[in-house]
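Now for the letters of each chain:
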Amino acid sequence: MTKMIGMTGNEAVAEAMRQINPDVVAAYPITPQTEIVQIYSSFVSNGQVDTEMVTVESEHSAMSATVGASSAGARAMTATSANGLALMWEIVYICASMRLPVVMPVVNRALSGPINIHNDHSDTMGARDSGWIQIFSENAQEAYDNTVMATRISENKNVLLPTMVMMDGFIISHAMEAMTTLPDDVVKKFVGNYKPENPLLDIANPVTIGPLDLFDWYFEHKRQQAQVMIDAKSTILKVSREFGKISGRNYGLFEEYMLDDAEIAIIVIGSTAGTAKKVIKDLRANGIKAGMLKIRVFRPFPATEIVKAIKGAKAIAVMDKSDSYDAVGGPVYKDVRSAMYGKRGGKIVNYIYGLGGRDVTEQNIHSVFEDLKTIADTGKVANQVTYLGVRE
Amino acid sequence: MAKLVEIRWHGRAGQGAKTAALTLAEAAIESNKYAQAFPEYGPERMGAPMQAFNRISDEGITVHSNVQNPSIVLILDQSLIVAKNVSVTGGVPEDGTYIVNTHLPASVMRKKLGVGANAKVYTVDATQISIDALGKNIPNTPMIGALIKTTGLLDWDLVIQETRNKLGKKFNKSIVDKNVLAMQKAYEEVRS
């Protein structure tokens, strides 16, 4: 067995980036930037990577420089968090529309206001319709693995979309855990050399990138963008399978945990899935058939696959670590409920939890399963949307 | 060693509680155990009360919530025992272990903490040790020495080696040596 090492989530992702060795990393070097870029900048200074590091004056410029580098034909990366992602907004959409295979680790943290630096998913949930592939990680190991895989997924000729790789701020980013990394040469071989499709710097074959595109062709290009996201699932699964061969760690679009015969189940994203595993083990020891589905790939959304995986459960709770403030419910809930419409019976409820870094305890998750048990037994739903662990 | 040991560090920002927790986790992982170390950041200013946590286990750890029922509590600043909004004894079982950085004897600390006879209370003057060795009050590495001596949680030589590795990434050899010296001194001086 490979020797375990202790790494924080930030260190793990920076290490993956070192092994990927992108041509360009453009990043804003001040808060809300994360330690990922700080650690990476020492790899650059120490000559451990060949990367051209561009420190820019804002996150908007960070994404712009990354888009510029990627258009030129470079393997380009950046990283961000919270309000930094919010400031990138305009160019985040442009990056996806231009079909640039940029990989961006995002440390999930709450959007202001009120001012908060801690974890929730409001930053990247806001970007869920931006056209980026979104892959969430439960722990430092997954953050490392997903960063390596994201490069292969984004750069695949059938995809050519940017990917955000997420991990929970502080809970994972600043927490040290036991994990393993792959040898440098294995990662290098896995990600391969990047051969851009239509680089601006290929002056023998000049192309125009980012031109005006009005009512004549804009819609057709957006239709293609929609299709490539639909088709990306198969590439994500293929790359994940190949990653399984080099690492022994197997990933799907989501993880099923004791879900086969589950009568009550939760659907969750990120570090809380780990805490839920412990709770489910305890419930199972008491004869309660609880289970979990942890979403890894949120964009493209594995709608039909989730419906199939969770077919047996009588009551399902979808956990959202962000709110839509739309008087309906959280974003994951709405996607799951919409996927299930007309496909299955059973009850589905929503829990908004952990906003702004509120600690998510085993008791919190126990209480969700208790509610689900009542719903499964009585067929009655008391609250469609519950705010979990908040003073009201 | 029990299957899962949970530890809570109480300190003030700047005292190095986070680094100590990370160093301990690295040493545990080096000993082929599973471990977590994570801080709870409050307001980002020097001197503000903060907590850091460790989980150390023979099995993989998936829980990602704060430690609520630590069996071991390390207090880097004794003023935190009476500080508002800080409960150093909160969630700790009756037979929990407390290691306090103070020049006062354990019997006095036991009263201050308000814990019963089943609790194990140890004291070490980590501040004085740190000032003697480093010229400033950074009591984190001495507290690791006191922890290992009183609980036998990990192999002592390995902890010294990991402390050297961890601090060596940030500081020069002279500072690392002084830290290790302080840690060894606390290992010898911790009292019940």
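Cut-offs used in this document
- Residues numbered from 1 in each chain as written.
- Chains lettered and ligands numbered in written order.
- Predicted model: local features only at pLDDT ≥ 70, side-chain atom pairs only at ≥ 80, totals over all residues.
- Buried ≥ 20, exposed ≤ 12 C-beta atoms within 10 Å, placed from the backbone.
- Helix = DSSP H or I, 4+ residues; strand = E, 2+ residues; numbered from the N terminus.
- Pairing = 2+ DSSP bridges.
- Right-handed = clockwise from strand over helix to strand, strands pointing away.
- Contact = placed C-beta atoms within 7 Å.
- Axes fitted to C-alpha atoms, helices over the stretch in contact; angles between N-to-C directions.
- Nonpolar A, V, L, I, M, F, W, Y, C, P; charged D, E, K, R; others polar.
- Domains from an automatic or database assignment.

Enquirer: Sorry if this is basic, but what is going on with the pairing of strand E2 (residues 24-27) of chain A here?
Expert: Remember that side chains alternate between the two faces of the sheet whenever the strand is regular. Residues and elements named next belong to chain A. Going residue by residue along E2, you find Val-24 and Ala-26 tucked away on one face and Val-25 and Ala-27 tucked away on the opposite face as well. Taken together, the 4 bridges between E2 and strand E3 (residues 52-55) define a ladder with parallel strand orientation. The residue bridging Val-24 from the neighbouring strand is Glu-52, located in E3. Handedness of the crossover joining E2 and E3 through helix H2 (residues 35-45): right-handed. Pairing analysis gives 2 bridges linking E2 to strand E4 (residues 76-77), with the strands arranged parallel. Each residue of the ladder has a partner; that of Val-25, found in E4, is Met-77.

Enquirer: What is the right way to look at the environment of A:Ala96 in this model?
Expert: Residue and element names in this part refer to chain A. Within the secondary structure layout, Ala-96 lies in helix H4 (residues 82-97). Ala-96 sits in the buried class, given 24 other C-beta atoms within 10 Å. In this structure the C-alpha to C-alpha distance between Ala-96 and Ile-203, which are 107 residues apart in sequence, comes to 24 Å. If we ignore the near neighbours within four places in the chain, the residues touching Ala-96 are Ser-130, Gly-131, Trp-132, Leu-161 and Pro-162.

Enquirer: Explanation requested: the sheet that holds strand E12 (residues 290-295) of chain A in the structure shown.
Expert: As a general point, the strands of a sheet are linked pairwise by backbone hydrogen bonds and lie either parallel or antiparallel. All names here are of chain A. The strand order across the open sheet formed by 6 strands is E10-E12-E11-E14-E15-E16, and the pairing between neighbours is mixed. The open sheet has two free edges, formed respectively by strand E10 (254-257) and strand E16 (385-388), since each of these has just one partner strand. Strand after strand, the sheet turns through a mean of 20° between neighbouring axes, direction not considered. With 5 bridges joining them, strand E11 (residues 264-268) and E12 adopt parallel strand pairing. Counterpart to Ile-267 in the pairing with E12 is Leu-293. Contacting E10, E11, E12 and strand E14 (315-320), helix H9 (residues 272-285) runs over the sheet at an angle of about 165° to E12. Running over the sheet, helix H11 (residues 331-340) touches E11, E12, E14 and strand E15 (347-353) and is turned about 145° from E14.

Enquirer: Just to check I follow, could you spell out the interface of chain B and chain A for this structure?
Expert: By a widespread convention, an interface's size corresponds to the accessible area lost as its parts come together. Taken together, the contact pairs 17 residues of chain B with 20 residues of chain A. Residue assignment for the side of chain B that touches chain A shows that the elements contributing at least two residues are helix H1 (17-30) and strand E2 (34-40) of chain B. Considering every element that reaches the side of chain B that touches chain A, the biggest residue donor is E2(B), with 6 residues. Counted by class, the side of chain B that touches chain A contains 10 nonpolar, 6 polar and 1 charged residues.

Enquirer: So what exactly am I meant to see when it comes to the domain arrangement of chain A here?
Expert: Residue and element names in this part refer to chain A. Domain boundaries in chain A define domain 1 (5-247) and domain 2 (254-388). For domain 1 versus domain 2, the separation of C-alpha centres amounts to 28 Å. Contact residues are listed per partner, giving 26 residues for domain 1 and 20 residues for domain 2. Contributions of two or more residues to the side of domain 1 that touches domain 2 are made by helix H5 (122-126), strand E7 (133-136) and helix H8 (218-247). A total of 5 residues in the side of domain 1 that touches domain 2 trace back to one element, the largest contributor, which is H8. Here the residues of the side of domain 1 that touches domain 2 sort into 13 nonpolar, 8 polar and 5 charged.

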